[in-house]
Each structure stands twice: as structure tokens, then as C-alpha cells.
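Structural overview
Residues per chain, in single letters:
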Amino acid sequence: MEVSKIDYPQFFDLVSRRYSCRGYDSAPVSREMLMAVAETARLAQSACNRQPWMFLVIDTPELREAVARCYGREWAHEAQAFIVALGNSSEAWVRPCDGHNSMYVDVAIACENMCLAAASLGLGCCWIGNFDVEALCRELDIPACWSPVGILSLGYPKPEQAAPEKKRKNVDDVVKWGKF
Ligand SMILES: Cc1cc2nc3c(=O)[nH]c(=O)nc-3n(C[C@H](O)[C@H](O)[C@H](O)COP(=O)(O)O)c2cc1C
């Protein structure tokens, strides 16, 4: 296997540096930056290349407030933008042997691309899953066939917002060679 000795350390550094940012500066995030983040979602892999997704970029004050209310935590009101990741199960690949629908996996991959892209651009980002689905669909006119999978909050981290220490299981507990 060919391993690029230049890219892996940089990639590892990016993955290590990404964290869930829950405190944002009031500096706005340009649409160019937001598009740079969203573009990495579009390029994500998906089962059978179905791309069963849509991304709503929310950066106007009124809609930002509406999205923050659907989550209800104070810090979310500091976010300068949100990207709401939607998935459409009827567009996604379905595994024939057991009927598993790939939509959530596909959209999650796109979301992680965006989290990493945000980190690479110096933006803070937090994946929000604990939102009021019904309220969000109502506020953003999301049609019934589209499910909100996640909301990404975005903004420049507050200067005092330090990246927390990573709390993770030990590698030996989660990676096994061979059989379970
Ligand atoms: C599917 C998913 C849903 C999440 N939902 C929330 C959430 O609703 N609120 C929140 O503050 N963080 C949420 N997070 C962030 C996780 O809490 C965070 O990724 C985890 O604690 C590890 O911390 P780190 O991202 O800083 O490495 C979510 C993350 C994922 C992947």
C-alpha cells in the first residue's frame, strides 16, 4: 500500500484538532467560507453514489434565531451560521439482504466532511443532533420527504474557547485484529 508521508500527518492533525465548539465570536462568517464547507459535503461518498442529501445554509439573523430556538441552548444563539443536513430515504440505496436504508450513513459522512472542513478553515463547528425535528421542519419549510439528520453550528471560536481534551476509548478496546 502506498502511503503519502506528507498527507497523513496533516490529516491526523486536522482530525485531532477538530472539536465540538460551543462558544462563538460575533465576527460573521463569509458566504465564501460557508460555501467552502458545503462543497466538501457535496463531494462526500454515498452508497451507490445516490447522494440522497440537501444542505440548507442558514446565515440570516432571523433564520439563525429560528434554528437556534429549535435546539434551545444559549450558546447556539452565538453561532453565526448553521448548515442543516437533510436526507431523503426514498433517494438512498437500500441493501437488498435486509432492507437497510443508507440515508443516515450517507448524510453523516457528508456532515463529518463539513466538520473537518470547518476545522481546516479555522472555524468552530458543533454537530447538533438533539433538536426539535418538528419545529425545525416547520421553521424552514422542509417537505415531509426530507428528514433533518443534523444541524452544524458554525462561527469563529471565542478566544477563550479552548479545545477540550479528547476523551476517547483506548485503541485496544475498539480496534481488534481478526475475529470479534
Ligand atoms: C450525531 C451527533 C449528534 C450530536 N449532538 C449534539 C448535540 O445535540 N449537542 C451538543 O452539544 N453536541 C452534540 N454532538 C457533539 C458530541 O457531543 C461530541 O462530538 C462528542 O462529545 C465528542 O467531542 P468532540 O466533538 O469535541 O471531539 C453530537 C455529535 C454527533 C456525532
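Residues numbered from 1 in each chain as written. Predicted model: local features only at pLDDT ≥ 70, side-chain atom pairs only at ≥ 80, totals over all residues.

All right, on to the pairing of strand 3 (residues 124-128) then. When you tally the buried positions in strand 3, you get 4 out of 5 residues, the bulk of the element. For strand 3 and strand 4 (residues 147-155), the ladder comprises 5 bridges, and the chain directions are antiparallel. In the strand pairing of strand 4, I128 is matched with I151. (Buried ≥ 20, exposed ≤ 12 C-beta atoms within 10 Å, placed from the backbone. Helix = DSSP H or I, 4+ residues; strand = E, 2+ residues; numbered from the N terminus. Pairing = 2+ DSSP bridges.)

A separate point is the site of the ligand. All residues adjacent to the ligand are Y19, S20, R22, C126, W127, I128, G129, N130, G150, P164 and K166. Tallying contributions element by element places strand 3 first for the shell around the ligand, with 3 residues. For the shell around the ligand, the per-class residue count stands at 5 nonpolar, 4 polar and 2 charged. (Near = placed C-beta within 6 Å. Nonpolar A, V, L, I, M, F, W, Y, C, P; charged D, E, K, R; others polar.)

Within the chain, N49 stands out as a residue other than glycine whose phi angle is a positive 55 degrees. As for its position among the elements, N49 is in the loop between helix 2 (31-42) and strand 1 (53-58). The phi torsion at D141 lies on the positive side, around 55 degrees, for a residue other than glycine. Its location among the elements puts D141 in the loop between helix 5 (133-139) and strand 4. What makes D141 exposed here is the crowd of 7 C-beta atoms within 10 Å.

Among the nonpolar cores identified, the biggest contains 42 residues, and F82, M114 and L154 are the most heavily contacted of them. For this core, the elements supplying multiple residues, two or more each, are helix 2, strand 1, helix 3 (61-71), strand 2 (81-87), helix 4 (103-120), strand 3 and strand 4. (Core = buried A, V, L, I, M, F, W, Y, C linked by C-beta atoms within 7 Å.)

This paragraph deals with the packing of helix 2 against helix 4. When two helices pack together, their arrangement is given by the angle between the helix axes and by the axis-to-axis distance. It is the contact of helix 2 with helix 4, at a shortest axis distance of 8 Å, that shows an interaxial angle of 145 degrees. Every pair of crossing elements has a handedness; the one defined by helix 2 and helix 4 is right-handed. Mapping the contact onto sequence places A36, V37, A38, T40 and A41 in helix 2 and A110, N113, M114, A117 and A118 in helix 4. Here the contact of helix 2 with helix 4 is built from residues that sort into 8 nonpolar, 2 polar and no charged. (Axes fitted to C-alpha atoms, helices over the stretch in contact; angles between N-to-C directions. Left-handed = near helix turned anticlockwise from the far one by under 90°. Contact = placed C-beta atoms within 7 Å.)

Here we take up the sheet that holds strand 2. Strand order in the open sheet made by the 4 strands is 1-2-4-3, with antiparallel pairing throughout. For this open sheet the edge positions go to strand 1 and strand 3, each flanked by a neighbour on one side alone. Within this sheet the neighbouring strands show an average axis-to-axis angle of 20 degrees, counted without direction. As defined by bridge partners, strand 1 adjoins strand 2 across 6 bridges and the pair is classed as antiparallel. Looking across to strand 2, one finds that W53 is bridged to G87. Strands in contact with helix 2 are strand 1 and strand 2; relative to strand 1, the strand with the most contacts, it is inclined by about 170 degrees.

Keep in mind that these numbers describe shape and distance, not what the molecule does.
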